[in-house]
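Listed here are the chains, written in short residue letters.
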Amino acid sequence: MKLGSRGRYAVMAMVDLGLQGNERPVRLADVSHRQEIPLSYLEQLFAPLRRHGLVNSVRGPGGGYLLARPVHRISIMDVVAAVDESTRVTRCLDESPSRGCMANRTRCLTHDLWAGLGDHIETYLGGVTLEDMCREQQPAVTHYLDHNATSPLRAEARKAACRAMTCGGNASSVHRHGRHARSLIEDAREIVASYVSCSPLEVVFTSGGTEANNLALLGPDRRRILISAVEHPSVAKAVPSAVTVPVDHQGRVDLEALEAELACDAGPAMVSVMAANNETGVVQPLADVMHVARLHGALVHCDAVQAAGRYCGAWQEADLVSLSAHKFGGMAGAGALIVRDGVPLAARSRGGGQEYGLRAGTESLAAITAFGAAVTAACGDDTARLRQLRDDMEARMLDVVPDAVVFSGDAGRLDNTLAIAHPDIDAETMVMSFDLDCVAISAGSACSSGRMEPSSVIEAMGFPSLSRHAVRISLGWSTTPEDCEAAVRAWEAANTRHQRRRKTA
Ligand code: PLP
């Protein structure tokens, strides 16, 4: 069966209308040109489409056609039926007995078969909407600039994971499969240990950064915990009773305030300060934090989830360090807590004795093996290349919108991160606008229950009026100059759309 040209052309024309956004009337001549359908044929088709309430016509200059209902409320069957196209597969029909088997009032042997198939086609076309068709036409996101959320899997990590999955085995089993799995995990542990400059005995594999942070902070003894005001929720929410230490305008922890807090109580304390912030990329003065903390006998935990795989530094010397593989090209599902020898800690999950008794549960062999491979690959990354790309992009974006605000721009930042706010465009609109232009970025603000919350990081830095405006553009191992070029164009387009809206308002 082949759907006739009336039905096919009508559906193509209606999808074309849907793709234009239905904001202003579309001329049939334009549809004819785009879809290569004769104009006179389209004119014939649009009369019944209008009669069936699927389109409205707008007369006069600037006139044309608009969809009469939202795209999700027009099914393909609505369109096909409106132009009177048959969806039946043969002439073996009840409706035209003179031409089908019903002509002589007896059903042929295959009548029910073809009638049933016709019914299935109608049901199928009734379940597909113009919205589904329009979505299929949208080009996929092709410029991924959200590495601080998750970095795409590196080829090396994928290969290592596939190899591990092929071998399989539980690393706690004593047979050869188990021993092989154990050796893969211990190889990864050595790679991570050598990267952080610690002993393999100090590497505890976890499911990721969140679990590592929770394991570090919900420790055995009731220490007072001090955290910076810009910590990730997996730190801040793990210990709601923690003392919050303020940050400056660049997002760096206030060392004097930290020292004062430590001095005001002599009891055992733990200081948790991240190596680099996930929203702004600002690098914390960790050597100083550790110096101050140690003067007061406090332990130091460092959430190095955004730093690991990107730069080596003082974070490697903290008493407890959290890492996550998927931020630099490993798989989600593997991370680690580095626990320096002698640091007291209690297991959060109990059961098997895996990971030195600190994290019970069968290790994720593929994710941990990929973690090791991603660390090795990340060591070869050219971070100066990313800094150059980021700096050029930032300068061009500021040229387009001179009163845009770059966060932490005057402090040491991760080479890959740009946090920027357009003063007149909120982050949600900006992210959607970039997405329309096929560039994937993030809002600094978090989405909770369908509402965009202001960014607590930007607020803590003293920019409350911009806390709903900051977006994060984060580069990584797969980023090309074309990706950054696309981001600049998307920023320009968002600004132009905004100005056009303002003029027409
Ligand atoms: N810490 C920081 C700074 C992060 O950016 C993230 C993730 O965004 C986490 C912790 C949580 O890591 P994971 O996603 O591996 O649980």
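So, how was this worked out
Residues numbered from 1 in each chain as written. Predicted model: local features only at pLDDT ≥ 70, side-chain atom pairs only at ≥ 80, totals over all residues. Heavy atoms only, no water. Buried < 20%, exposed > 50% of the residue type's maximum accessible area, 1.4 Å probe, protein only. Helix = DSSP H or I, 4+ residues; strand = E, 2+ residues; numbered from the N terminus. Pairing = 2+ DSSP bridges. Axes fitted to C-alpha atoms, helices over the stretch in contact; angles between N-to-C directions. Near = heavy atom within 4 Å. Polar contact = N/O pair within 3.5 Å; in protein donor to acceptor, adjacent residues only side chain to side chain. Nonpolar A, V, L, I, M, F, W, Y, C, P; charged D, E, K, R; others polar. Left-handed = near helix turned anticlockwise from the far one by under 90°. Contact = heavy atoms within 4.5 Å. Domains from an automatic or database assignment. 1 Å grid on protein atoms, 1.4 Å probe; cavity = no way out; pocket = protein on both sides within 12 Å on 5 of 7 lines; lining within 4 Å. Points joined across faces, edges and corners; volume = space filled by probe spheres on them. Salt bridge = Lys/Arg side-chain N within 4 Å of Asp/Glu carboxyl O.

Draft legend 1. Structural context of the pairing of strand E7 (residues 269-272). The alternating pattern of E7 places Ala-269 and Val-271 and Met-270 and Ser-272 on opposite faces, both of which are buried. Sheet analysis places strand E5 (residues 224-228) next to E7, joined by four bridges and oriented parallel. Among the inter-strand pairings, Leu-226 is bridged to a residue of E7, identified as Val-271. Here E7 runs beside strand E8 (residues 299-303); their pairing, made up of three bridges, is parallel.

Draft legend 2. Structural context of the sheet that holds strand E4 (residues 203-206). Strand order in this open sheet of seven strands is E4-E10-E9-E8-E7-E5-E6, and the pairing throughout is mixed. Edge positions in the sheet fall to E4 and strand E6 (243-245), since each has one partner strand and no second. The mean angle between the axes of side-by-side strands here comes to 20°, regardless of whether they run parallel or antiparallel. Note that strand E9 (residues 320-324) and strand E10 (residues 335-339) share five bridges and pair antiparallel.

Draft legend 3. Structural view of the site of the ligand. The ligand sits among 14 residues. The nearest are Thr-210, Asp-303, Gln-306, Ser-324 and Lys-327. Gln-306 places a side-chain nitrogen or oxygen 2.8 Å from an oxygen atom of the ligand. Contact distances for the ligand include 2.6 Å between an oxygen atom and a side-chain N or O atom of Lys-327. Ranked by residue count, the leading element in the shell around the ligand is helix H9 (residues 209-217), at three residues. Among the residues making up the shell around the ligand, the classes are represented as two nonpolar, ten polar and two charged.

Draft legend 4. Molecular detail of the packing of helix H8 (residues 176-196) against helix H13 (residues 365-378). The interhelical angle for the contact between H8 and H13, taken along N-to-C directions, is 35°, at an axis separation of 9 Å. Handedness of the H8/H13 crossing: left-handed. Of the residues in H13, those touching H8 at Ala-181, Leu-184, Ile-185, Ala-188, Ile-191, Val-192 and Tyr-195 are Leu-365, Ile-368, Thr-369, Phe-371, Gly-372, Val-375 and Thr-376. Of the residues assigned to the contact of H8 with H13, the class counts are eleven nonpolar, three polar and no charged.

Draft legend 5. A look at the sheet that holds strand E11 (residues 405-406). Strands sit in the order E11-E12-E17-E14 across an open sheet of four strands; the sheet is antiparallel. Two strands lie at the open edges of the sheet, namely E11 and strand E14 (442-443), each paired on one side alone. Two elements, strand E12 (residues 417-421) and strand E17 (residues 470-474), share five bridges in a ladder whose sense is antiparallel. Along E17, the bridge assignment pairs Thr-417 with Ser-474. Contacts from helix H14 (residues 383-400) reach E11, E12 and E17, with the element oriented near 10° to E12.

Draft legend 6. Representation of the domain arrangement of the protein in the model. By domain assignment, the protein separates into domain 1 (5-137), domain 2 (155-378) and domain 3 (383-504). Distance between the C-alpha centres of domain 1 and domain 2: 58 Å.

Draft legend 7. Main features of the layout of surface pockets. Roughly 940 Å³ of volume is contained in the largest pocket. Lining the largest pocket are 23 residues, and of these Leu-19, Gln-20, Gly-21, Glu-23 and Leu-436 lie nearest its centre. When residues of the lining of the largest pocket are traced back to their parent elements, those giving at least two are helix H1 (5-19), helix H6 (130-137), helix H15 (427-436) and helix H17 (481-504). Its residues assigned to classes, the lining of the largest pocket shows nine nonpolar, six polar and eight charged. Each of domain 1 (5-137) and domain 3 (383-504) accounts for three or more of the residues forming the lining of the largest pocket.

Draft legend 8. Fine view of the pattern of salt bridges. One pass over the structure, following the stated rule, counts 23 salt bridges. The closest approach of N and O atoms between Glu-131 and Arg-135, which form a salt bridge, is 3.7 Å. Here Glu-131 and its partner Arg-135 are both found in helix H6, four residues apart, which amounts to about one turn of the helix. Overall, the relative accessible area of 31% leaves Glu-131 in the partly exposed class. We note a salt bridge from Arg-189 to Glu-355, for which the minimum N-O separation is 2.8 Å. Highlighted residues: Arg-189 in helix H8 and Glu-355 in the loop between E10 and H13, separated in sequence by 166 residues. Each of the two residues, Arg-189 as well as Glu-355, counts as buried. Sharing partners across several salt bridges, the network here consists of Arg-182, Glu-186, Arg-189, Glu-355 and Glu-363.

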